[in-house]
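# Topology and contacts: notes
Residues per chain are reported as follows:
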Amino acid sequence: MFDTKLTDYNIVRATPFGRDPMKELAEECRRQGIRLCFYYSIMDWHHPDYLPRRPWEREVRPAAGADLNRYIDYMKGQLRELLTNYGPIGVLWFDGGWEHNAQTLRSAEVNAFIRSLQPQILINDRNHLPEDFATPEQTIPADALPGGRLWETCMTINDTWGYAKNDDNWKSAEDLIRKLCDIAHKGGNFLLNVGPTAEGTFPEPIVERLQRIGQWMRVNGKSIYGTTQSPFRRLPFDGRCTAKGNTLYLHVFTWPDGELRLEGLETRVLEARALLGNERLRVRTERVQGDEGEYTVVYLSKPRRLDPAATVVELKLAGRPVVTQVGALIRPDSQGLLWCHARQAQVHGQTARYEEGGGKDNIGFWTNVADYVTWNILVPSRGRYRVKVTYACPTENAGSRFTIGVEGGRRLEGTVEATGSWTAFREFDLGELTLPAGKHTLSVRVTQMPRGTVMNLQKVVLEPVR
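To keep things clear, this report deals only with the structure shown in the data block. Here the structure is a predicted model, which means the values were calculated and not measured. (Residues numbered from 1 in each chain as written. Predicted model: local features only at pLDDT ≥ 70, side-chain atom pairs only at ≥ 80, totals over all residues. Heavy atoms only, no water.)

So, on to the packing of helix H4 (residues 173-185) against helix H5 (residues 204-220). The N-to-C vectors of H4 and H5 enclose an angle of 50°; their axes lie 9 Å apart at closest approach. Accordingly, the angle class assigned to the pair H4 and H5 is oblique. Viewed along their axes, H4 and H5 form a crossing whose handedness is right-handed. For the pair formed by H4 and H5, the contact residues are Ala-173, Glu-174, Leu-176, Ile-177, Leu-180 and Cys-181 on the first element and Arg-209, Arg-212, Ile-213, Trp-216 and Met-217 on the second. (Axes fitted to C-alpha atoms, helices over the stretch in contact; angles between N-to-C directions. Helix = DSSP H or I, 4+ residues; strand = E, 2+ residues; numbered from the N terminus. Parallel < 35°, antiparallel > 145°, perpendicular 65-115°, else oblique. Left-handed = near helix turned anticlockwise from the far one by under 90°. Contact = heavy atoms within 4.5 Å.)

Moving on to the sheet that holds strand E6 (residues 189-193). Read from one edge of the open sheet, three strands run E4-E5-E6, paired in parallel fashion. Either end of the sheet is taken by a strand with one partner, and the two such strands are strand E4 (133-134) and E6. Bridge count for strand E5 (residues 150-156) against E6 is five bridges, and the pairing is parallel. Bridged to Thr-156 within E6 is Asn-193. Strands in contact with H4 are E5 and E6; relative to E6, the strand with the most contacts, it is inclined by about 150°. (Pairing = 2+ DSSP bridges.)

Once that is clear, we can look at helix H2 (residues 68-84). Over its 17 residues, H2 runs 24 Å from end to end, which matches the ideal 24 Å to within 8%, given 1.5 Å per residue. Tucked inside the fold, the buried residues of H2 contact strand E1 (36-41), strand E2 (89-95) and helix H3 (107-117). (Expected span 1.5 Å × (residues − 1).)

In this structure, Ile-363, Trp-366, Trp-375, Ile-377, Val-444, Leu-457 and Val-460 are the most contacted members of the largest nonpolar core, which totals 38 residues. Elements with a contribution of two residues or more to this core: strand E16 (338-341), strand E20 (372-379), strand E21 (383-392), strand E22 (401-406), strand E24 (426-435), strand E25 (438-448) and strand E26 (456-464). Here Ile-377 is in contact with Leu-329, Ile-330, Leu-338, Cys-340, Val-406, Gly-438, Lys-439, His-440, Leu-442 and Leu-462, once residues within four sequence places are set aside. In terms of nonpolar packing, the next biggest core, distinct from the first, is built from 28 residues, Phe-2, Leu-68, Tyr-71 and Tyr-86 among them. (Core = buried A, V, L, I, M, F, W, Y, C linked by side-chain atoms within 4.5 Å. Buried < 20%, exposed > 50% of the residue type's maximum accessible area, 1.4 Å probe, protein only.)

Per the stated rule, a full pass over the model turns up 41 salt bridges. One salt bridge connects Arg-31 with Glu-28, and the closest N-O pair in it is separated by 2.6 Å. Separated by three residues within a single helix, Arg-31 and Glu-28 lie in helix H1 (residues 21-32), roughly one turn from each other. Residue Arg-31 is classed as exposed on the basis of its relative accessible area, which comes to 60%. Notably, a salt bridge pairs Glu-109 with Arg-106, separated by 2.9 Å at the nearest N-O pair. Sharing partners across several salt bridges, the network here consists of Asp-3, Lys-5, Asp-8 and Arg-13. (Salt bridge = Lys/Arg side-chain N within 4 Å of Asp/Glu carboxyl O.)

Inspection of every chain in the model, using the stated rule, returns eight aromatic pairs. The interplanar angle of 75° and the centroid separation of 5.2 Å between the aromatic rings of Tyr-50 and Tyr-71 together place this pair among those described as edge-to-face. With Tyr-50 in the loop between E1 and H2 and Tyr-71 in helix H2, the pair connects residues that are 21 residues apart, well separated along the chain. Centroid distance Tyr-391 to Phe-428: 4.5 Å. Interplanar angle 15°. Geometry classified as stacked. Taken together, the positions of Tyr-391 in strand E21 and Phe-428 in strand E24 put the pair 37 residues apart, joining distant regions of the chain. Summarising the burial analysis for this pair, Tyr-391 and Phe-428 share the class buried. Grouped by ring-pair contacts, the aromatic residues Tyr-50, Tyr-71 and Tyr-74 constitute a single cluster. (Phe/Tyr/Trp six-rings, centres within 6.5 Å; stacked < 30°, edge-to-face > 60°.)

Quick look at H4 now. In this model, H4 (13 residues) spans 18 Å end to end at C-alpha, consistent with the 18 Å of a helix rising 1.5 Å per residue. Counting buried residues in H4 gives ten out of 13 residues, a clear majority hidden from the surface. For H4, the complete set of buried residues consists of Ala-173, Leu-176, Ile-177, Lys-179, Leu-180, Cys-181, Asp-182, Ile-183, Ala-184 and His-185. Just beyond H4, the residue with positive phi is Gly-187, at close to 80°.

This is the structure in structure tokens:
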């Protein structure tokens, strides 16, 4: 799709178009003040040196004589052209690297080469190195990524990345707006795909949804643009929150009957307004005592107009938001069991994160031995608990060693066994722990990781021993 000198298989020499669209885009981006960014597919189904061959292409494109190392050299040559012929480039967005690991792709060498040409560039994580930002696909993490890591969710408006005539499974505009709020709440960016037809037009359902999102953004855009992640780990209402300096924005999906309750905000609220209609809301506060200690509850009156996607309330504060975390404590169920699910965990480190969809509901991408996960639990009285852990791991990645226990107490040790695949979850009994009464931090930590990753951790259950 650009005027590469390394092959005649390009849009300039192999098609009637005969021009370099990347040059034209670069010139227009300069005129419009937009930073040009490039997507680059590592996978190449045409180049004779790219491996592996798929079953359907082996007869027409034999693999004899192919050399993947030679292909990586060719790829570096193309990257040199892209990063020297079109001015400053903002992002190098790799894709199609899943058939090989970072060592085979020479990813460290390639990324250093990219930075030597464009020192200010951002590089994504799709050649198997973390680099500058993560790119979960079609999913939204349960929380902000550990360590303040930058990330963006890439997602389609229906189920297909390109145009698909028969794919009518469109996400609603309300659903897309709420996904945008959820992503901003967690400090991420929303990379929303649109699939044009062969004629270069967008199908009407896409136009309708983008127009509705645009209408919502004209009213509520300042609650998204320039904001940072929510200071609250849990919210007591159906919605999300973003922050900007001394201002909080509450994105309320479903307004409760009567007042809205916000728990744990200790900074004084100066003013509350619904952005839709610029309506000033009544504010009252009270101090309450809970398991987390004493904290403030803020109550907001219901606005006259509600947005069916998300009603945004702007809270102007007397200073930066100071928050007491409320609602993150896991309590025993009616049978006395403590259920510590992956989606409730706090993830610490650089790579591990919650993932869901496609048979997954777990902490995955656990490729750093220093990463660990924790839950805050409440033990009502001293007693013995049987510890059971549920995870998935394919044979080639099994063998990591890990421990489970409360901080400052005895820990149980385990070895990750093969379960068959990343989504074949099995429960394992690690033994018993005696826990004193009170609030504790339960953690899963890794001591050895011999095969590149740990496991997909779904849950830890503490079962009282009667």
